[in-house]
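Secondary and tertiary structure notes
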Amino acid sequence: MAQLGHPPSELIGYVQATVDPKGRAAIAYELSSAYWGRGLARQAVQAMISELVQRYQVHDLSAVFKRANLRSMRLLKRLGFSPASAERHRKHQVEPGEMLMQREAR
């Protein structure tokens, strides 16, 4: 129920992370296309990364996405991620149509 004078709340997407005991996290996110291009995904993912570093002592971040998803590639690059090596792609069994990007947390 919306409060008078305030816009109604609605789910526009999500962010999530899988954290392992060695301080690594695999992140994922999804944002409704109606909200693309507003910087909301960047803000949400950056907030999650800050939480992972501060609360869970994460030092290594990764994300896998479809190679055709250029929006995700641009978002991750803006957040300091870079493409992982071919060796790391093999180690993590990344499928041919996907890309693994990584970054050290600071």
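Scroll up for the structure.
Notes on the structure in this doc start here.

Topic: the sheet that holds strand E3 (residues 60–66)
The five strands lie next to each other as E1-E2-E3-E5-E4, forming an open sheet whose pairing is mixed. Of all strands in the sheet, those bounded by a partner on one side alone are strand E1 (13–19) and strand E4 (82–83). Where E4 meets strand E5 (residues 98–104), two bridges bridge the pair, whose relative direction is antiparallel. Bridge assignment links Ser82 to a residue of E5, and that residue is Gln102. Lying on the sheet, helix H1 (residues 40–56) is in contact with E1, strand E2 (24–31), E3 and E5; it crosses E2 at an angle near 155°.

Considerations on the nonpolar core
Residues Ile27, Val45, Leu52, Leu61, Leu76, Phe81 and Met101 are the most contacted members of the largest nonpolar core, which totals 18 residues. Looking at this core element by element, the count peaks at four residues for H1. If sequence neighbours within four positions are ignored, Val45 has contacts with Val15, Ile27, Tyr29, Leu75 and Leu79.

Some details on the pairing of E1
The pairing of E1 with E2 spans seven bridges and is antiparallel. If you follow Thr18 over to E2, its bridge partner there is Ala26.

Side note on the environment of Gly37
Its place among the elements puts Gly37 in the loop between E2 and H1. When the C-alpha positions of Gly37 and Arg71 are compared, they lie 9.3 Å apart, and in sequence the two are 34 residues distant.

Considerations on the side chain of His89
Positionally, His89 belongs in helix H3 (residues 86–91). A distance of 3.4 Å separates a polar side-chain atom of His89 from the backbone oxygen of Ala84. Those residues in contact with His89, other than ones at most four positions away along the chain, are Arg67, Ala84, Val94, Glu98, Met99 and Leu100.

Re the environment of Ser50
Mapped onto the elements of the fold, Ser50 is located in helix H1. When the C-alpha atoms of Ser50 and Tyr29 are compared, they prove to be 15 Å apart, with 21 residues separating the residues in sequence.

Focus: the pairing of E3
Buried residues dominate E3, accounting for five of its seven residues. Where E2 meets E3, three bridges bridge the pair, whose relative direction is parallel. What sits directly across from Ala26, in E3, is Ser62. Regarding the hand of the β-α-β motif, the stretch spanning E2, H1 and E3 is right-handed.

Cut-offs used in this document
- Residues numbered from 1 in each chain as written.
- Predicted model: local features only at pLDDT ≥ 70, side-chain atom pairs only at ≥ 80, totals over all residues.
- Heavy atoms only, no water.
- Pairing = 2+ DSSP bridges.
- Helix = DSSP H or I, 4+ residues; strand = E, 2+ residues; numbered from the N terminus.
- Contact = heavy atoms within 4.5 Å.
- Axes fitted to C-alpha atoms, helices over the stretch in contact; angles between N-to-C directions.
- Core = buried A, V, L, I, M, F, W, Y, C linked by side-chain atoms within 4.5 Å.
- Buried < 20%, exposed > 50% of the residue type's maximum accessible area, 1.4 Å probe, protein only.
- Polar contact = N/O pair within 3.5 Å; in protein donor to acceptor, adjacent residues only side chain to side chain.
- Right-handed = clockwise from strand over helix to strand, strands pointing away.

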